[in-house]
Amino acid sequence: MLKPVLAAGAAAGSYALFPTLLWKAVHRARRLLAPPRAERTLCLTFDDGPSAYTPALLDLLRRHQVPAAFFVVADRAAEWPDLIDRMVREGHTVGCHSAAHVTPYLLGPAKTRADFDRALDTMRRLGHPVRYYRPPWGVMSLPNLYELAVRHLCPVPWDVMAQDWSGIPAAEIVRRLRARIVPGAVLCLHDGRGTDGAPGRTIEALSVLLPEWRAQGWRFARLEEVACHG
């Protein structure tokens, strides 16, 4: 009984767990080895949208003149094409967060390839082909790595997350982000999915933090400034 369990665990680990840990470890090592940043910069990124909450988020970002990157689920982007157009028109970066937000653990090589095909084709048909990719749940499988390489896509991890999707109140999101940000950090927040209207609380938290960060001298970097530079 133990051997099949161990074999299954080893297979799962080699398929996605170890690649995910390695991908994130390389990212952390690059951050640690990079020269210290004198400038206080943050890069805002949002996953899992678009959704009914995205227009209010775009309004908030426009009001404070903050650029962001949106890693959109392509099937949802197809339902909200005007929002994708608006993101690009207002100076934001649009990346891909898969076609349907299925964990890579459940997708073999053929299904992974099909998911990439559908996601990238959808974004091209919308008039916004993508360069940047973030895997669902931050899980990087071996087929994911292969597809990213052959399609010349840039995978984008993050440095700071506040678990804003989990149903915590806006005040707790504010507290966590205040405590966790560091110069040069890529923040991962959510404008779709989540527990019981979670994106609304993310917007509420950012309505407090964006003017505060501006007053403290933080600059908001575009994704192109911080991602995939060797």
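See the structure shown above.
Please read all numbers here as calculations on a predicted model, not as lab measurements.

With that settled, consider the state of the cysteines. Per the stated rule, a full pass over the model turns up one disulfide. Through a disulfide, Cys154 is tied to Cys228; the S-S separation comes to 1.4 Å. Judged by the torsion about the S-S bond (90°), the Cys154/Cys228 disulfide is right-handed. Here Cys154 is found in strand E5 (residues 154-155), whereas its partner Cys228 is found in the segment after helix H9 (223-226), with 74 residues between them in sequence. Judged by its relative accessible area of 3%, Cys154 is buried. The class for Cys228 is partly exposed, based on a relative accessible area of 34%. Cys43 supplies the cysteine sulfur nearest to Cys188, a cysteine that is in no disulfide, at a spacing of 11 Å.

The subject of this paragraph is the packing of helix H7 (residues 170-180) against helix H8 (residues 198-215). Their axes nearest at 8 Å, the elements H7 and H8 cross at an angle of 45°. Here H8 runs oblique to H7, going by the angle between their axes. In this structure, H7 crosses over H8, and the sense of that crossing is right-handed. Listed contacts from H8 to Ala170, Ile173, Val174, Leu177 and Arg178 of H7 are Arg201, Thr202, Glu204, Ala205, Val208, Leu209, Glu212 and Trp213. Here the residues of the contact of H7 with H8 are counted per class, giving eight nonpolar, one polar and four charged.

Bringing H7 into the picture now. Turning to H7, its buried residues are Ala170, Ile173, Val174, Arg176 and Leu177. Those residues of H7 hidden inside the fold are in contact with strand E6 (160-161), strand E7 (185-190) and H8.

Put simply, the second largest pocket is a space of about 210 Å³. Lining the second largest pocket are 13 residues, with Asp48, His101, Trp137, Trp165 and His190 sitting closest to its centre. Broken down by class, the residue content of the lining of the second largest pocket amounts to five nonpolar, five polar and three charged.

Under the criterion given, the structure shown has one cavity of 30 Å³ or more. What the largest cavity holds in volume is close to 50 Å³. Taken together, Ser98, Val102, Pro104, Leu107, Thr112, Asp115, Phe116, Tyr133, Pro136 and Asn144 make up the lining of the largest cavity. Among the elements that line the lining of the largest cavity, the one with the most residues is helix H5 (residues 109-125), at three residues. Grouping the amino acids of the lining of the largest cavity by side-chain chemistry returns six nonpolar, three polar and one charged.

With that out of the way, let us pick up the nonpolar core. Grouped burial of nonpolar side chains is what soluble globular proteins tend to show. Counting 48 residues, the largest nonpolar core has Leu44 and Trp213 as the members making the most contacts within it. The element best represented in this core is H8, accounting for six residues. Discounting residues that sit within four places of it in the chain, Trp213 has contacts with Leu42, Leu44, Leu177, Ile181, Leu187, Leu206, Trp218 and Phe220. Membership of the second largest hydrophobic core comes to 14 residues, among which are Trp158, Val186, Leu223 and Val226.

Before going further, it helps to examine the side chain of Thr112. Within the secondary structure, Thr112 is located in helix H5. Note on Thr112: relative accessible area 2%, which makes it buried. What Thr112 contacts, discounting residues up to four positions off in sequence, is Tyr15, Leu107, Pro143, Asn144 and Glu147.

A cluster of nonpolar side chains, contributed by Leu17, Phe18, Leu21, Val102, Tyr105 and Leu106, occupies part of the molecular surface with about 570 Å² of accessible area. Topologically, Leu106 is positioned in the loop between strand E3 (93-96) and H5. The exposed category is assigned to Leu106, whose relative accessible area is 61%.

Scanning the model with the defined rule gives three aromatic pairs in all. An angle of 25° between the planes, with centres 4.7 Å apart, marks the rings of Phe116 and Tyr133 as stacked. In this pair, Phe116 is assigned in helix H5 and Tyr133 in strand E4 (residues 132-133), connecting sequence segments 17 residues apart. Seen from their ring centres, Trp213 and Phe220 are 6.3 Å apart, and the 45° between their planes marks the pair as tilted. The buried category is assigned to Phe220, whose relative accessible area is 5%.

Thresholds, definitions, all that
Residues numbered from 1 in each chain as written. Predicted model: local features only at pLDDT ≥ 70, side-chain atom pairs only at ≥ 80, totals over all residues. Heavy atoms only, no water. Disulfide = S-S within 2.5 Å. Helix = DSSP H or I, 4+ residues; strand = E, 2+ residues; numbered from the N terminus. Buried < 20%, exposed > 50% of the residue type's maximum accessible area, 1.4 Å probe, protein only. Axes fitted to C-alpha atoms, helices over the stretch in contact; angles between N-to-C directions. Parallel < 35°, antiparallel > 145°, perpendicular 65-115°, else oblique. Left-handed = near helix turned anticlockwise from the far one by under 90°. Contact = heavy atoms within 4.5 Å. Nonpolar A, V, L, I, M, F, W, Y, C, P; charged D, E, K, R; others polar. 1 Å grid on protein atoms, 1.4 Å probe; cavity = no way out; pocket = protein on both sides within 12 Å on 5 of 7 lines; lining within 4 Å. Points joined across faces, edges and corners; volume = space filled by probe spheres on them. Core = buried A, V, L, I, M, F, W, Y, C linked by side-chain atoms within 4.5 Å. Patch = residues over 30% accessible without salt bridge, like charges linked within 9 Å, V, L, I, M, F, W, Y side chains within 5 Å. Areas by Shrake-Rupley, 256 points an atom, 1.4 Å probe, with all protein chains shown as cover. Salt bridge = Lys/Arg side-chain N within 4 Å of Asp/Glu carboxyl O. Phe/Tyr/Trp six-rings, centres within 6.5 Å; stacked < 30°, edge-to-face > 60°.

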